[in-house]
Amino acid sequence: MVTAIQDVDVRADVKMQARDVSIYYGTKKAIDDVSIDIPGAFVTAFIGPSGCGKSTFLRSLNRMNDTIASARMEGQILLDGEDIYQSGMDVVALRARVGMVFQKPNPFPKTIYENVAYGPRIHGFAETKAELDTVVERSLQRAGLWDEVKDRLTEPGTALSGGQQQRLCIARAIAVDPEVILMDEPCSALDPIATAKIEELIADLAKRYAIVIVTHSMQQAARVSQRTAFFHLGRMVEYGPTSEIFTNPREARTQDYITGRYG
Amino acid sequence: MSLSLLFLLALGFGLAGWLAGRARAWSFQTEGSARLRARPQYHAWYVAAWIVLPLAAFIAVWGWAQPQLVMQAVLADPAASQLPAFGFQREAILSEARAVASGAAPAVFNPAAQPLVEPFRAALGRYEWIGFVAAILIAFAGGAHAFLRLKPDFAARTKVETLVMRILLLASLVAILTTFGILASLLFETIRFFGMVSPLGFLTGFQWGPDPMVAPDAIRSDRYGAVPLFWGTIYIGAIIAMIVAIPLGLMSAIYLTQYAPPRWRTWIKPALEVLAGVPTVVYGYFAALTVAPAIRDLAVSAGISNASSESALAAGLVMGIMIIPFVSSMADDSIAAVPSAMRDGSYALGATRSETIRRVLIPAALPGIVAGIMLAVSRAIGETMIVVMAAGAAANLTANPLEAMTTVTFQIVALLTGEGSFDHPATLAAFALGFVLFLVTLALNFIALRVVKRFREAYE
């Protein structure tokens, strides 16, 4: 139904593509026939009312739905043209390329240093302690957290404030050097100041990584993203440049949602 | 007999009070003047409680006091002056006379009891009447007190709820007070024991060989060194059993929480928990009849000709199997309690399942796992039947698992069922051993519960 690609101003290479994706939980259809192209150099936002399937769709992009026993998916999702659901796909390697930040900050019950070093260690990115130190420092710097934690790297990650924890989780995701970062409502558990910091960080990270963010805040989508997709009842209603979606939507339902008539 | 009648009386009066209280509350309702502050049942229970509880208290006191009052009355009778002053004979005559007087025996066997039958009969009859009258008075007084307080705006519900709370509190205190009672009785006998044998020698001595047949004032203190027992207990319960139980319990918990398909889980988990319900005697059979001979045969075929048919290894292995469910269910619970966000976070970084388990789930669940292990250890060192049947009686201080060893619990059984008289140090030693065991397991449980509590706080 939705033919996404010709609507998008393709200035950037397409990083990920979804083709006719439907996702079921048991017999319930959560996502219905969604096709979308995600560019490599932008922030793409998924908006829509609660329960519209935007988080489910996001989680299918790095196969996190695999951890839910009843979830089943149809269609294709391509990363650089390669189907990530094909048999023989290495999920571990996929998730190293497509990282994820969750709704609630979920640092491991380890030190700040160990939280960031976790990914590089399990993937064997750093040979020596010095290399690992470099990776940890660089990741924390990119996540804008280094200056706040450089003297307390051995404290537990859970001792940080909510906003700092979320940036720690972003640092943890960056440390494995992904190509795409998925963010599932990363600011919904944070106060406005912490939210502003994360939004700044997203703009900064977008220079280096493709970012897909699910948000229920339309202002946030307008502030941070260049592409916006509107989901409703498991379908993708409209997808286009953020400025167009918010100023001149083509679909009546999109218009209704962004003007606050429902959702 | 009269006590059971009093109980029936209490129930009857209670029921009558209940009905009267409800009828009174209904009458308020039909008069229609004001809304009742509590439903009629609460008024009914209030009255019933005021009848039954004072009566129950009276019955408890009377059940203790009445026999003494009867005895006093009988001894004051001139016929009692013939009684021998002390000892079994006096007791026997009195109890025989009482039995005949209350109708439990047809006639006296010992003629000396005959003159006492009449005084007993008179006293029993008199105090039975006094008891009945007192009970009825108390029931009426309590009932009237409660009944007269009933009013439409009487807060009967609050009173009844408070009473229910008090009864529940009392019920929970019983268990706690029992613990203190146990501790006190152990402590008392232990102090007696340490009056005869020095505590230092007991806790640090290397030789164990109580001599119940030697006169108490001629015992040799150096034969009460309990270190071999402590060693045997720790070696069997905390070392061999744990070498079996910790890996197996942990691995089964990991399998059950992380790998098992739900259908398997619903079968395996209850099956594991059945292990915890098997009577320890049955484990004892298994250890003594199956495992111990197998170990001996194995040892013999490996060239150890003098292998014992009772061995620490047999007891420890079976004990380890027995406590697998303790370890696994605690570990299972605490792994399952790690927030799934933690697991997802690890997966999202590209960690495999086993990396996630090893590096995130187990460290996060570690306090709970450790607590489970400590509870299991305290269970294992207090375990008796398996060691009685399979470990042996010899107090060996050795690290060879194929030799017979003895434990604290085994020796407690042996000492208490032995030939020594009750105030002989060889018997009292059992209490000292029990006391040490009690303290150690109490400490282990206490620490384990504290650890679990801190762990829970961390995730709430």
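These numbers come from a predicted model, not from an experiment.

(A) Structural context of the overall build of chain B. A tally of helices and strands in chain B yields 15 helices and zero strands. Scaling as 2.2 N^0.38, a compact globule of 460 residues should have a C-alpha radius of gyration of about 23 Å, whereas chain B reaches 32 Å, well beyond that. If one aligns the C-alpha atoms of chain B with their principal axes, the spans along those axes are about 80 × 75 × 40 Å. Burial status across chain B gives 38% buried among its 460 residues.

(B) The overall build of chain A, seen in detail. Secondary structure summary: chain A contains 10 helices and 10 strands in total. Computed over the C-alpha atoms, the radius of gyration of chain A is 18 Å, within 12% of the 18 Å expected from 2.2 N^0.38 for a compact globule of 263 residues. Taken over the C-alpha atoms alone, chain A extends approximately 55 × 45 × 35 Å along its principal axes. When the 263 residues of chain A are sorted by exposure, 46% land in the buried category. If you take every contact in chain A between residues at least 6 apart in sequence, the share linking residues at least 24 apart comes to 70%.

(C) Representation of the packing of helix α7 (residues 227-259) of chain B against helix α12 (residues 353-382) of chain B in the model. All names here are of chain B. In the contact formed by α7 and α12, the axes pass within 9 Å of each other and the chain directions differ by 140 degrees. Judged by the twist between their axes, the crossing of α7 over α12 is right-handed. Residues Thr233, Gly237, Ala238, Ala241, Met242, Ala245, Ile246, Leu250, Ile254 and Gln258 of α7 pack against Arg353, Ile357, Ile369, Ile373, Ala376, Val377, Ala380 and Ile381 of α12. For the contact of α7 with α12, the per-class residue count stands at 14 nonpolar, three polar and one charged.

(D) Summary view of the sheet that holds strand β5 (residues 82-83) of chain A. Residue and element names in this part refer to chain A. Here four strands make up an open sheet; going across it, the order is β2-β1-β4-β5 and the pairing antiparallel. Unpaired on one side and paired on the other, β2 (28-39) and β5 mark the two borders of the sheet. With eight bridges connecting them, strand β1 (residues 14-25) and β2 associate as antiparallel partners. Directly across from methionine 16, in β2, lies its bridge partner isoleucine 38.

(E) Region of interest: the interface of chain B and chain A. The interface is formed by 15 residues belonging to chain B together with 21 residues belonging to chain A. Those elements giving two or more residues to the side of chain B that touches chain A turn out to be α11 (340-348) and α12 of chain B. No other element matches α11(B), which puts six residues into the side of chain B that touches chain A. Per-class residue counts for the side of chain B that touches chain A are nine nonpolar, three polar and three charged.

(F) Summary view of the nonpolar core. All names here are of chain B. Ranked by internal contacts, the top residues of the largest apolar core, which has 163 residues, are Ala287, Ala315, Val318, Val327 and Ala390. For this core, the element with the most residues is helix α10 (residues 312-337), which contributes 16 residues. Beyond its immediate sequence surroundings of up to four residues, alanine 390 is in contact with Gly284, Ala287, Ala288, Ala292, Glu310, Ala314, Ala315 and Val318. Counting 26 residues, the second largest nonpolar core, distinct from the first, contains Trp18, Val52, Ala135 and Ala146.

(G) Representation of the confidence of the model for chain B. Of the residues in chain B, 97% reach a pLDDT of 70 or more, and the chain-wide mean stands at 86. Here helix α3 (residues 87-102) of chain B is the element of chain B with the lowest mean pLDDT, 80, and α7(B) is the one with the highest, 92.

(H) Main features of α10(B). With 26 residues, α10(B) extends 36 Å from end C-alpha to end C-alpha; this agrees with the ideal 38 Å at 1.5 Å per step. Along α10(B), the largest kink reaches about 40 degrees and is centred on B:Ile323; proline B:Pro325 follows within four residues of it.

(I) Structural context of the environment of A:Lys150. As for its placement among the helices and strands, A:Lys150 is situated in the loop between α5 (146-149) and α6 (162-174). In the structure, A:Lys150 is positioned 71 residues away from A:Leu79 in sequence and 35 Å away in space, judged by C-alpha atoms.

(J) Just the packing of helix α9 (residues 280-301) of chain B against α10(B), in detail. Residue and element names in this part refer to chain B. Running from N to C, α9 and α10 cross one another at 135 degrees; their axes reach a closest spacing of 9 Å. The orientation of α9 with respect to α10, classified from their angle, is oblique. The handedness of the crossing between α9 and α10 comes out as right-handed. Two secondary-structure elements touch here, α9 through Thr280, Tyr283, Phe286, Ala287, Val291, Ala292 and Ile295 and α10 through Leu313, Ala314, Ala315, Leu317, Val318 and Met322. When grouped by side-chain class, the residues that make up the contact of α9 with α10 number 12 nonpolar, one polar and no charged.

(K) Layout of the sheet that holds strand β9 (residues 227-232) of chain A. Residue and element names in this part refer to chain A. Reading across from one edge, β6-β7-β8-β3-β9-β10 is the order of the six strands in this open sheet, with mixed pairing throughout. The open sheet has two edge strands, β6 (98-101) and β10 (235-241), and neither has a second partner. Geometrically, the sheet is characterised by an average inter-axis angle of 15 degrees between neighbouring strands, direction not taken into account.

(L) Structural view of the environment of B:Ile381. All names here are of chain B. Position of isoleucine 381 among the secondary structure elements: in helix α12. Along the chain, isoleucine 381 and methionine 319 lie 62 residues apart, while their C-alpha atoms are 9.6 Å from each other. Discounting residues that sit within four places of it in the chain, isoleucine 381 has contacts with Thr233, Gly237, Ala238, Leu437, Val440 and Thr441.

(M) Representation of unusual backbone geometry within the structure. All names here are of chain A. Even without being glycine, aspartate 80 reaches a positive phi, approximately 50 degrees. Its place among the elements puts aspartate 80 in the loop between β4 (71-79) and β5. Look at glutamate 185: it is not a glycine, yet its phi comes out positive at around 45 degrees. Position of glutamate 185 relative to the elements: it lies in the loop between β7 (180-184) and α7 (192-205). Owing to 20 C-beta atoms within 10 Å, glutamate 185 belongs among the buried residues under this scheme.

(N) Region of the structure containing the pairing of strand β3 (residues 43-47) of chain A. Residues and elements named next belong to chain A. Within β3, five of the five residues are buried, which leaves it mostly tucked inside the rest of the structure. The two faces of β3 match: Val43, Ala45 and Ile47 on one face and Thr44 and Phe46 on the other face are all buried. As paired elements, β3 and strand β8 (residues 210-214) share four bridges and run parallel to each other. Among the inter-strand pairings, alanine 45 is bridged to a residue of β8, identified as isoleucine 213. In this sheet, β9 lies alongside β3 in parallel orientation, the contact comprising four bridges. Across the sheet, phenylalanine 46 pairs through a bridge with alanine 229, a residue of β9.

(O) Region of interest: the domain arrangement of chain B. For chain B, the assigned domains read domain 1 (2-154) and domain 2 (216-458). On a C-alpha basis, the centroid separation for the pair domain 1 of chain B and domain 2 of chain B is 51 Å.

(P) α12(B), seen in detail. Compared with the 44 Å implied by 1.5 Å per residue over 30 residues, the 38 Å span of α12(B) between its first and last C-alpha is markedly short. At B:Leu366, α12(B) shows its strongest bend, of approximately 60 degrees, with the proline B:Pro367 following within four residues.

(Q) Region of interest: the confidence of the model for chain A. Residue and element names in this part refer to chain A. Counting all residues, the mean pLDDT for chain A is 89, and 95% of those residues have values of 70 or more. No element of chain A has a lower mean pLDDT than helix α10 (residues 252-258), which averages 89, and none a higher one than β8, which averages 95. Throughout residues 1-11 the model reports pLDDT below 50, and contacts reaching past four residues in sequence, or to other chains, amount to 15 contacts.

Rules and cut-offs
- Residues numbered from 1 in each chain as written.
- Chains lettered and ligands numbered in written order.
- Predicted model: local features only at pLDDT ≥ 70, side-chain atom pairs only at ≥ 80, totals over all residues.
- Helix = DSSP H or I, 4+ residues; strand = E, 2+ residues; numbered from the N terminus.
- Rg over C-alpha atoms; globule rule 2.2 N^0.38 Å.
- Buried ≥ 20, exposed ≤ 12 C-beta atoms within 10 Å, placed from the backbone.
- Contact = placed C-beta atoms within 7 Å.
- Axes fitted to C-alpha atoms, helices over the stretch in contact; angles between N-to-C directions.
- Left-handed = near helix turned anticlockwise from the far one by under 90°.
- Nonpolar A, V, L, I, M, F, W, Y, C, P; charged D, E, K, R; others polar.
- Pairing = 2+ DSSP bridges.
- Core = buried A, V, L, I, M, F, W, Y, C linked by C-beta atoms within 7 Å.
- pLDDT = per-residue confidence, 0-100.
- Expected span 1.5 Å × (residues − 1).
- Bend = angle between axes of the 7 residues up to and from the residue.
- Parallel < 35°, antiparallel > 145°, perpendicular 65-115°, else oblique.
- Domains from an automatic or database assignment.

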